[in-house]
2 protein chains.
Amino acid sequence: MRTSSSTADTKGEPLESTLEARAELFQDAMGFSGIADREIKKLAAMATLRRFAKGQMVFEQDQPCDYFHLVASGLVKVYICSASGFRMTYLLARRGEPLNLVGPFTGDPRFLCAEAMQATDVAHISRHDFVRFVADNPILFSNIMAILSKAVDSANSRIIDMVEKRVEERLLRVLLTLLDKFGAEIRLTSAELAELAGTTVETTLRTMARLRNLGIIESERGQITIIRPASLKNPERLPLWV
Amino acid sequence: MRTSSSTADTKGEPLESTLEARAELFQDAMGFSGIADREIKKLAAMATLRRFAKGQMVFEQDQPCDYFHLVASGLVKVYICSASGFRMTYLLARRGEPLNLVGPFTGDPRFLCAEAMQATDVAHISRHDFVRFVADNPILFSNIMAILSKAVDSANSRIIDMVEKRVEERLLRVLLTLLDKFGAEIRLTSAELAELAGTTVETTLRTMARLRNLGIIESERGQITIIRPASLKNPERLPLWV
DNA sequence: TAGCCTCTATGACCACGGTCATACAAAAGC
DNA sequence: GCTTTTGTATGACCGTGGTCATAGAGGCTA
């Protein structure tokens, strides 16, 4: 199953990039608003880019967290994996989105995996550089806390969903969330949707067939198109975040 | 159902306390290690104590977060409540444990409620004072991040549990976690256990009967005693935190 | 002592969804 | 070209656990 190609701490292929390109990346990255250009430049100088092929791991569970990761292009799924192999995706990160906001502060191994879903470039900053930079720019703390706040709420909301919502409702919520983030054309397989909704491929396919019959979605291999977004309006107050 | 007695932002009864007593509270509070005595004194000077009766709300969902809360005595459950009334307890906080680490940074309303399970005293610090204090003592950031890291892992672990573990396993994990934190005598009702394990009272009672027959626990009204802790060793690597 | 509420206990019912099975189409590899 | 892998599709089965029901025991107040 594992498709990572190299040793533990040097994943992906090094990638040449200009300081300007990296600065532009951090400029409008999630959580980095309100930082002076001069400081952004410092950040860009500390960063290196690496390229990952589809299916390659950006980081794996139980490994110490030595780097802060920020997606520069492509798409990465961050998921948690149980002992029995069950996977739960809880973040689809594209350009400008960090993969691990918490990890660099403690450095401890976590239970998360990150895997490239397409050819993807990721910026790396050593955890020490990152933590020192955050300490020098306290506004980052508020930004990070705001993001963590949403992440924790989303996780708690998911717990409630798992126990009291039926699969169809969970899938609809996932689709609605994906619609907000990626638009009406969602290029994911049923297996990937299942990992987002916390169910199996079979049940996802069955439910998708029902939604298709209702005229809510259309689907072909590797792609779902939402036809009638209005019909899946989310009655839940609790936020879901992907 | 709601038993809160007063207006939104002035819950509980004001309580006289000495600066020394409050300093002692913060001294060994979770997340406040490594702070100089002089700073702790400042913190204690900003805090006020309030007393809550059993069943009283410390804060409720959808209210802006104006205060940082730290339990001084008693026991508080922090839970999330869905639209349909389903509750999921995810923190039992006793002396030295904060109720809301994230909220004060954003001030935004969250989806959490906190309710006193016994007569309880809680220290309050205005969110602005708290945020300024954290900015002045950056070590607090690392401490808070370490706590959040565990909280997020625990939430993610719970999501996995909900979807792939049976109720009996979830209950055993909850009991094991409570054993670690409170000892073998757990003074909770089946309804409270159910909210911790994400199930119903009936199923909890049925499962408890099974565990009793197996000689793993004994129980009487409002109390469970773990007889054979060894038999509920936790095979899961993922942490559960309460 | 009566009355009420909370907590515990257990039976009956059944639906949701996980598991296993088979099948086929589309893409990918050789 | 052929084979293999991946993704989609659907049927059959059935176990877990939620829901609703009833009942009794312990604790509290008047």
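Figured I'd write up the structure that's included with this text. (Residues numbered from 1 in each chain as written. Chains lettered and ligands numbered in written order. Predicted model: local features only at pLDDT ≥ 70, side-chain atom pairs only at ≥ 80, totals over all residues. Heavy atoms only, no water.)

DNA strand C sits among 17 residues. The nearest are A:Arg166, A:Val167, A:Thr199, A:Thr203 and B:Arg221. Sugar and phosphate atoms represent 63% of those atoms of DNA strand C found within 4 Å of the protein. Between DNA strand C and A:Thr200, the relevant distance is 3.3 Å, taken from a phosphate oxygen to a side-chain nitrogen or oxygen of the residue. Contact distances for DNA strand C include 2.6 Å between a base oxygen and a side-chain N or O atom of B:Arg221. At the level of elements, helix H8 (201–213) of chain A together with helix H8 (201–213) of chain B are the ones that each hand at least two residues to the surface near DNA strand C. Of the residues forming the surface near DNA strand C, the biggest block, five residues, is contributed by H8(B). Split into classes, the residues belonging to the surface near DNA strand C amount to three nonpolar, six polar and eight charged. (Near = heavy atom within 4 Å. Polar contact = N/O pair within 3.5 Å; in protein donor to acceptor, adjacent residues only side chain to side chain. Helix = DSSP H or I, 4+ residues; strand = E, 2+ residues; numbered from the N terminus. Nonpolar A, V, L, I, M, F, W, Y, C, P; charged D, E, K, R; others polar.)

Another point: the protein's contact with DNA strand D. Taken together, 17 residues form the shell around DNA strand D, and within it A:Arg206, B:Arg166, B:Val167, B:Thr199 and B:Thr203 come nearest. Of all DNA strand D atoms lying within 4 Å of any protein atom, the proportion belonging to sugar or phosphate reaches 61%. A distance of 2.6 Å separates a phosphate oxygen of DNA strand D from a polar backbone atom of B:Val167. Looking at the surface near DNA strand D, the elements that each hand over two or more residues are H8 of chain A together with H8 of chain B. With five residues, the top contributor of residues to the surface near DNA strand D is H8(A).

Contact with chain A, which involves 38 residues of that partner, is made by 38 residues of chain B. Taken together, the two surfaces of chain A and chain B that pack against each other cover about 3600 Å², and 73% of this comes from carbon and sulfur. Between B:Asp153 and A:Arg110 there is a salt bridge whose closest N-O contact spans 2.9 Å. The interface formed by chain A and chain B contains six residue pairs in polar contact (both at pLDDT 80 or more). Elements supplying a minimum of two residues to the side of chain A that touches chain B: strand S5 (76–81), strand S6 (87–93), helix H3 (103–106) and helix H5 (139–164) of chain A. A per-element tally of the side of chain A that touches chain B places H5(A) first, with 17 residues. Along the lines of polarity and charge, the residues of the side of chain A that touches chain B split into 23 nonpolar, eight polar and seven charged. (Contact = heavy atoms within 4.5 Å. Buried area = accessible area lost by both parts, 1.4 Å probe. Salt bridge = Lys/Arg side-chain N within 4 Å of Asp/Glu carboxyl O.)

This next bit is on the pairing of strand S8 (residues 120–126) of chain B. All names here are of chain B. Here S8 lies mainly inside the structure; six of its seven residues are buried. As paired strands, strand S2 (residues 48–52) and S8 are joined by five bridges and run antiparallel to one another. Considered in S8, the bridge of Arg51 is made with Asp121. Bridge count between strand S4 (residues 67–73) and S8: six bridges; the pairing is antiparallel. (Buried < 20%, exposed > 50% of the residue type's maximum accessible area, 1.4 Å probe, protein only. Pairing = 2+ DSSP bridges.)

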